[in-house]
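A look at the structure
As a plain string of letters, each chain reads:
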Amino acid sequence: MTPAARTQAAIELLDEIVAAAASGGAAADTLIARYFATRRYAGSKDRRAVRELVYAAIRQAGPVPSSGRAAMLAVADRDPAIAATFDGTGHGPAPMTSDEPRAAAGVAPSWLVEALKASGLDATQQAALVERAPLDIRVNSLATTRAAVLEQWPDAVPTPHAPMGLRLPNGTPIEQSDPYRAGLVEVQDEGSQLVGAALAAKPGEWIVDLCAGAGGKTLQLAAAMNNQGALLACDIDRARLQRLAPRAERAGATIIESRLLNPGCEVEMLSDWSGKADGVLIDAPCSGTGTWRRNPEARWRLTPERLARLGMMQTEVLEIGAGLVKPGGRLVYIVCSLLDAEGTDQVAAFLSRHSGWSAEPVDPAIGVPHGFGQRLDPATHGTDGFFVACLRAPC
């Protein structure tokens, strides 16, 4: 592909991504994969170059662009090399004119920028939300040590805060590596490792991962428990939960029981665990504002109405989780969001509804104190953005 053809391909993909954001369609990564699946002539360098163009345009545009061309024109205005590809030749885009609409630069749509500001994020912290994320992995302590993996991976460096974390150059083919195939490592952002450790699960305990998804934090809990005790991983998403079993087998995590829950029937389907859990981890469904570095187009999908629906889901899973905790037990609430409506405000509302419950300091302390918990953000800590709170049930 010529440079101009690459720019045109990026414009076509951006049109699809903008439309999918409005309709709730597929994510950008999926759309890019589909696009090139039908264009076998594009080599690996072409695919990589087009992908970089697409994500550069997404990260630069705050509000949803009017079109893919408007998004790429905004990039071209800052990059003479991209501007030169708008020459109208071959498969390239038509020449640009000064009066064409350009995508507006920014961090997010204006209502979200105001919400982030009201949640205590300054301009620098907001801007870091759409920068490129590093590639972090967690060493599986059931199988090896961090020092041993470092010997196998000369390009890796220890993450600053997580004791089992390593950071690799972006683009490292993790899933094709021998350490991954052998179950020695899992891909997991350092921030996710830190908040996942906040439950402080111990060998022999009864632990529930209530919103387990594909099980990244479940595997971390199994390692912390040294495969001793009972670990229940639950979710309402069959496709995501089914990914846990092969991951657990590869990691040698033998204590995990998976349980698919029917929406609206969670309390009934978890009645055998009612009031018995030493600890419950709730990695709640949320807006994902803290993970925009990895999914920057997600900020175009979020609306005030969707945020309100997510808030109701967070309230619901907190109630379900609280019912599983034994007297004196603990509940850890996590969101990969930096909006107070999903973080400390949810915890405050929970505590107002549940007399006797209390918020405790996160131990070991991570991030910075924020409301009833702790917060991590990309600018300050180099991790994805998270809010985490530790709650104690009355005895």
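Residues numbered from 1 in each chain as written. Predicted model: local features only at pLDDT ≥ 70, side-chain atom pairs only at ≥ 80, totals over all residues. Heavy atoms only, no water.

- Under the annotation held in an unreviewed UniProt entry, the protein chain carries the name RsmB/NOP family class I SAM-dependent RNA methyltransferase and is attributed to Sphingomonas sanguinis.

1. With respect to the UniProt feature "domain: SAM-dependent MTase RsmB/NOP-type" (unreviewed entry) in the protein chain
- Under the present numbering, the feature "domain: SAM-dependent MTase RsmB/NOP-type" (unreviewed entry) in UniProt falls on residues 104–394.
- End-to-end, the C-alpha atoms of residues 104–394 are 51 Å apart, and along that stretch the chain is 34% helix and 22% strand. (UniProt positions renumbered as here; feature names shortened; annotations may be inferred. Helix = DSSP H or I, 4+ residues; strand = E, 2+ residues; numbered from the N terminus.)

2. Digging into the sheet that holds strand 1 (residues 135–139)
- Sheet architecture is open: four strands sit in the order 2-3-1-4, paired in antiparallel fashion. At either end of the open sheet lies a strand with only one pairing partner, and these are strand 2 (157–158) and strand 4 (185–187). (Pairing = 2+ DSSP bridges.)

3. Here we look at the nonpolar core
- Counting residues in each nonpolar core, the largest one holds 62 residues, and the members touching the most others are Leu210, Ile282 and Leu331.
- Those residues in contact with Leu331 that lie beyond four places of it in its chain are Val280, Ile282, Leu318, Gly321, Ala322, Val325, Trp357, Ala389, Cys390 and Leu391.
- Core analysis: the second largest hydrophobic core is formed by 33 residues, Leu31, Tyr35, Val50 and Val75 among them. (Core = buried A, V, L, I, M, F, W, Y, C linked by side-chain atoms within 4.5 Å. Buried < 20%, exposed > 50% of the residue type's maximum accessible area, 1.4 Å probe, protein only. Contact = heavy atoms within 4.5 Å.)

4. Concerning the packing of aromatic side chains
- In this structure the tally under the stated criterion is three aromatic pairs.
- Ring centres of Tyr35 and Phe36 lie 5.2 Å apart, and the angle between their planes is 85 degrees; on these two criteria the pair is classed as edge-to-face. Of the two residues examined, Tyr35 and Phe36, each falls in the buried class.
- Between Trp206 and Trp273, the ring centres sit 5.0 Å apart and the planes meet at 50 degrees, which makes this aromatic pair tilted. Placement of Trp206 in strand 5 (residues 206–209) and of Trp273 in the loop between helix 14 (266–269) and strand 8 (277–283) is noted, with a sequence separation of 67 residues between them.
- Over the ring of Tyr35 we find Arg39; its NZ or CZ atom is 3.6 Å from the centre of that ring.
- Taking the ring centre of Tyr180 as reference, the NZ or CZ of Arg250 above it sits at 4.1 Å. (Phe/Tyr/Trp six-rings, centres within 6.5 Å; stacked < 30°, edge-to-face > 60°. Lys NZ or Arg CZ within 6 Å of the ring centre and 35° of its normal.)

5. Focus: the side chain of Arg59
- When you line up the elements, Arg59 lands in helix 3 (residues 44–60).
- One buried charged residue, Arg59, forms no salt bridge at all, with the nearest opposite charge on Glu297 at 8.1 Å.
- Among the polar contacts listed, one links the side chain of Arg59 to the backbone oxygen of Val130, at a separation of 3.0 Å. (Lys, Arg positive; Asp, Glu negative; His and termini not counted. Salt bridge = Lys/Arg side-chain N within 4 Å of Asp/Glu carboxyl O. Polar contact = N/O pair within 3.5 Å; in protein donor to acceptor, adjacent residues only side chain to side chain.)

6. Quick word on the environment of Ala105
- Within the fold, Ala105 resides in the loop between helix 5 (80–83) and helix 6 (110–118).
- Considering only alpha carbons, one finds Ala105 and Ala74, 31 residues apart in sequence, at a separation of 7.8 Å.

7. Describing unusual backbone geometry
- Between Asp363 and the following residue, Pro364, the backbone shows a cis peptide bond with an omega angle of 5 degrees.
- Among the structural elements, Pro364 can be located in the loop between strand 10 (358–360) and strand 11 (368–370).
- Of note, the phi angle at Asn226 is positive, near 55 degrees, even though the residue is not glycine.
- Locating Asn226 in the fold gives a position in the loop between helix 11 (216–224) and strand 6 (230–235).

8. Some remarks on helix 4 (residues 68–76)
- Across the nine residues that make up helix 4, a large majority, nine, are buried.
- Taken together, the buried positions of helix 4 are Gly68, Arg69, Ala70, Ala71, Met72, Leu73, Ala74, Val75 and Ala76.
- Looking at the buried residues of helix 4, the elements they touch are helix 1 (3–23), helix 3 and helix 5.

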